[in-house]
Amino acid sequence: MEHVILVLDEPTEAATTVAFLAERGYSAETASDGYRAVELAARMSPAAIVVRGAFRGPGPPDLVARLKGACAGTRVVVLLDEPDPAVAAGLVLAGADALLANAGPEFLLWTL
């Protein structure tokens, strides 16, 4: 079973995504802030980390870089509510492996 960390600031979305992934054979752990996400990443070395939202802790590009540093080889997927080229460029430069804009959980599976 592959492990995934979800860094989602909306509890309902987190619970729905955990259930969706569990039905498809993934084990998911949630973190509601960037600090906890980095801590989990270093301890778990998950297959993937999914990030969305305005959460407490490092900003999205900095968080992506910290997550990549904490567990090299782990895919980091960022879910964007509003596709902004400048934000997207910063995330890619920080090491994001995939960016999904306005995508439901079924599209997430393609990136894991």
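So, a few notes on the structure that sits alongside this text.

Rules used throughout
Residues numbered from 1 in each chain as written. Predicted model: local features only at pLDDT ≥ 70, side-chain atom pairs only at ≥ 80, totals over all residues. Heavy atoms only, no water. Salt bridge = Lys/Arg side-chain N within 4 Å of Asp/Glu carboxyl O. Buried < 20%, exposed > 50% of the residue type's maximum accessible area, 1.4 Å probe, protein only. Helix = DSSP H or I, 4+ residues; strand = E, 2+ residues; numbered from the N terminus. Core = buried A, V, L, I, M, F, W, Y, C linked by side-chain atoms within 4.5 Å. Contact = heavy atoms within 4.5 Å. Axes fitted to C-alpha atoms, helices over the stretch in contact; angles between N-to-C directions. Parallel < 35°, antiparallel > 145°, perpendicular 65-115°, else oblique. Left-handed = near helix turned anticlockwise from the far one by under 90°. Nonpolar A, V, L, I, M, F, W, Y, C, P; charged D, E, K, R; others polar.

Within the structure shown, the criterion is met by six salt bridges. Its salt-bridge partner being arginine 24, residue glutamate 23 comes within 3.2 Å of it at the nearest N-O pair. When its relative accessible area of 63% is taken as the criterion, glutamate 23 is described as exposed. Between aspartate 81 and arginine 52 there is a salt bridge, and its shortest N-O distance comes to 2.5 Å. Taken together, the positions of aspartate 81 in the loop between β4 (75-80) and α4 (85-94) and arginine 52 in strand β3 (residues 48-52) put the pair 29 residues apart, joining distant regions of the chain. By relative accessible area, arginine 52 is classed as buried at 12%. One salt-bridge network, in which partners are shared between bridges, spans Glu13, Arg52 and Asp81.

This brings us to the nonpolar core. Side chains that are nonpolar tend, in soluble globular proteins, to be buried together. Of all hydrophobic cores here, the largest spans 18 residues; its most connected members are Val7, Ile49, Val51, Val64, Leu67, Val76 and Val78. Taken together, the elements giving at least two residues each to this core come down to β1 (2-8), α2 (34-44), β3, α3 (60-70), β4 and α4. Beyond its immediate sequence surroundings of up to four residues, valine 76 is in contact with Ile49, Val51, Val64, Leu67, Lys68, Ala96, Asp97 and Ala98. In this structure, Leu6, Phe20, Leu79 and Leu108 belong to the second largest nonpolar core, which totals 14 residues.

Quick look at the environment of alanine 41 now. Tracing the chain through its elements places alanine 41 in helix α2. Between the C-alpha atoms of alanine 41 and alanine 98, which are 57 residues apart in sequence, the distance is 17 Å. Those residues in contact with alanine 41 that lie beyond four places of it in its chain are Ile5, Pro46, Ile49, Leu67, Ala70 and Cys71.

A separate point is the packing of α2 against α3. At a closest axis distance of 8 Å, the pairing of α2 and α3 adopts a crossing angle of 15°. By the angle between their directions, the pair α2 and α3 is classed as roughly parallel. As α2 packs across α3, the resulting crossing turns out to be right-handed. Contacts from Gly34, Tyr35, Ala37, Val38, Ala41 and Ala42 of α2 reach α3 at Leu63, Arg66, Leu67 and Ala70. Across the contact of α2 with α3, the residue classes break down as eight nonpolar, one polar and one charged.

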